[in-house]
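Breakdown of the fold
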Amino acid sequence: MAIKRFGVSLEEKVLSQLDELVKKHQFPNRSQAIRYLIKEHQIEDQWKENEEVAGTITLLFDHHKRDLSNQSTKIQHDYHHQVLSVQHIHLTHDTCLETVAVKGKASDLTDLADKLIGMKGIKHGRLVMTSLE
Ligand code: NI
């Protein structure tokens, strides 16, 4: 893709905030930081506007508790059009880490994530949103 250059005018304070972002995320330069911010914003808009998007749902749970593996599978089957793949890792003797790759309407993915993360006994869960492009 062709790269175009453009001039940006920023207040000194905003520029130093940009540089802090570059440092914090270890971006190679300011351009990469701006790219990151634009993409983040675009993804957020796509989710708000309920477009076709992609993402991953990460779940951490104790498989001894409340039959969580079966519950998780049952919920995922209700969303079989959205679930692309599931990776189940036996993290420790008791703890399982599940990552579910998903694609579909933002609202369906959010519903699915809420149901999975909301299961009783889930230690931690998070939906990471990304776009199809
Ligand atoms: Ni396991």
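For the structure itself, look to the data block above.
Everything numeric here is computed off the predicted structure, so don't read it as measured data. (Residues numbered from 1 in each chain as written. Predicted model: local features only at pLDDT ≥ 70, side-chain atom pairs only at ≥ 80, totals over all residues. Heavy atoms only, no water.)

What follows concerns the sheet that holds strand 2 (residues 83–90). Spatial strand order, 2-3-1-4: 4 strands in an open sheet with antiparallel pairing. Bordering the open sheet on either side are strand 2 and strand 4 (122–130), each of which pairs with just one other strand. When strand polarity is set aside, the average angle formed by the axes of neighbouring strands in this sheet is 15°. Summarising the sheet, strand 2 and strand 3 (residues 95–105) pair through 7 bridges and their orientation is antiparallel. Bridged to Val86 within strand 3 is Val100. Its contacts with the sheet put helix 3 (residues 68–78) on strand 1 (52–62), strand 2, strand 3 and strand 4, and the angle it makes with strand 1 is roughly 165°. (Pairing = 2+ DSSP bridges. Helix = DSSP H or I, 4+ residues; strand = E, 2+ residues; numbered from the N terminus. Axes fitted to C-alpha atoms, helices over the stretch in contact; angles between N-to-C directions. Contact = heavy atoms within 4.5 Å.)

For the nickel ion, every protein donor is listed as His88 (NE2), His90 (ND1) and Cys96 (SG), and the spread of their distances is 2.1 to 2.3 Å. Sequence positions of the donors to the nickel ion reduce to the motif H-x1-H-x5-C. Given a relative accessible area of 30%, His88 falls into the partly exposed group. (Donors = N, O, S within 2.8 Å, 3.2 Å for Na, K, Ca; no water. Buried < 20%, exposed > 50% of the residue type's maximum accessible area, 1.4 Å probe, protein only.)

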